[in-house]
Amino acid sequence: ADPSKVMKGGSEAASEGTSAATTNFSGAGCGAPAAGEPGSPLVLWCEAKPTKQQEVMDALAANPAMMHRQVIYFQTPARFTRWLFEQPRGEVVPWALLITGWREAKPCAMAIAAARTGDVDQLRPDARRPDLPPIFGEPKERVETAIESMVIVLEKSKEEARVVQWAKDGGNALAKLDIHVAGDTCTAHDAMARLGMAATVQRSRISL
């Protein structure tokens, strides 16, 4: 399958006259589970101009947990944030892997933090962003969101040391999840191999 055929996601797509959809990259063809169904790992890709789809998809293919993966593409962090704010939060099992570019990484991490804490003051104003849903259940340690792990894909491998340092110094703590950095094909495979996708996949509420 052609990794460039990642479709737009987010509820605003329908209002813009563009139907949001998901693309299956497993090569399984008919019968693959729809996005958000139990057993269907979800990949969210937020990057304005992705250039390394093939390398990342090849790396994902090496991870058995990512069989029948579904991919939703967001062109901007604002669109990702709108989607995230539509998802359940609280006592939930994270079910999605977020892939971003370096430029999109920080605002996406801030959106995840806002979904956990309920504090949206650090986010850019967005009249189209929905209110956060109430916290589900009684989280014992922290409020969980849809996002299980995050991978930052770099166009230039020379940026890797800087981005890794950001993840260690503040990114991981901000989003409260593991942030992996893929600076080249080799590190992309390493990052994907370390991902611990949740065994139980929650049903996500994606507006199509």
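Scope of this entry: the structure provided in the associated data block. In this text, all values refer to a predicted model and were calculated from it rather than measured experimentally.

Moving on, we come to unusual backbone geometry. Most peptide bonds take the trans configuration, and most residues that are not glycine carry a negative phi. Positive phi, close to 55°, is recorded for Lys176, a residue that is not glycine. The exposure class assigned to Lys176 is partly exposed, which follows from its relative accessible area of 40%.

Packing of helix H3 (residues 77-84) against helix H4 (residues 102-117) leaves a shortest axis separation of 9 Å and a crossing angle of 20°. Considering the angle they form, H3 stands roughly parallel to H4. Regarding H3 and H4, the two cross each other, and that crossing is right-handed. Each of Pro77, Phe80, Thr81 and Leu84 in H3 lies in contact with H4, whose residues at this interface are Glu104, Pro107, Cys108, Ala111, Ile112 and Ala115. Partitioning the contact of H3 with H4 into residue classes produces eight nonpolar, one polar and one charged.

A separate point is the nonpolar core. Formed by 34 residues in total, the largest nonpolar core has its most connected members in Leu44, Phe80, Leu84, Leu98, Ile147 and Ile152. Looking at this core, the elements that each hand over two or more residues are strand E3 (42-46), strand E4 (70-74), H3, strand E5 (96-101), H4, strand E6 (147-153), helix H5 (160-175) and strand E7 (178-182). Considering each element in turn, this core owes the most residues, eight residues, to H4. Beyond its immediate stretch of four places on either side in the chain, Leu44 contacts Ile72, Phe74, Phe80, Trp83, Ala96, Leu97, Leu98, Ile99 and Ile147. Grouped together as the second largest cluster of nonpolar side chains are twelve residues, Trp45, Leu60, Leu97 and Val151 included.

This part covers H5. Each turn of an α-helix holds 3.6 residues, which means side chains three or four residues apart point in the same direction. The end-to-end C-alpha distance of H5, which contains 16 residues, comes to just 19 Å, noticeably less than the 22 Å that a straight helix rising 1.5 Å per residue would cover. The largest bend in H5 comes to about 50°, at Ala167. Within the sequence span of H5, burial applies to Glu160, Val163, Trp166, Ala167, Gly171 and Ala175. Remark: Lys176 follows H5 within two positions and exhibits a positive phi of approximately 55°.

In this section: the packing of H4 against H5. Interhelical geometry of H4 versus H5 gives an angle of 15° and a closest axis separation of 9 Å. In terms of orientation, H4 lies roughly parallel with respect to H5. Every pair of crossing elements has a handedness; the one defined by H4 and H5 is right-handed. Across the interface between the two elements, Trp102, Ala105, Lys106, Ala109, Met110, Ile112, Ala113 and Arg116 from H4 touch Arg162, Val163, Trp166, Leu174 and Ala175 from H5. Looking at the contact of H4 with H5 residue by residue, the classes come out as ten nonpolar, no polar and three charged.

About the cut-offs
Residues numbered from 1 in each chain as written. Predicted model: local features only at pLDDT ≥ 70, side-chain atom pairs only at ≥ 80, totals over all residues. Heavy atoms only, no water. Buried < 20%, exposed > 50% of the residue type's maximum accessible area, 1.4 Å probe, protein only. Axes fitted to C-alpha atoms, helices over the stretch in contact; angles between N-to-C directions. Helix = DSSP H or I, 4+ residues; strand = E, 2+ residues; numbered from the N terminus. Parallel < 35°, antiparallel > 145°, perpendicular 65-115°, else oblique. Left-handed = near helix turned anticlockwise from the far one by under 90°. Contact = heavy atoms within 4.5 Å. Nonpolar A, V, L, I, M, F, W, Y, C, P; charged D, E, K, R; others polar. Core = buried A, V, L, I, M, F, W, Y, C linked by side-chain atoms within 4.5 Å. Expected span 1.5 Å × (residues − 1). Bend = angle between axes of the 7 residues up to and from the residue.

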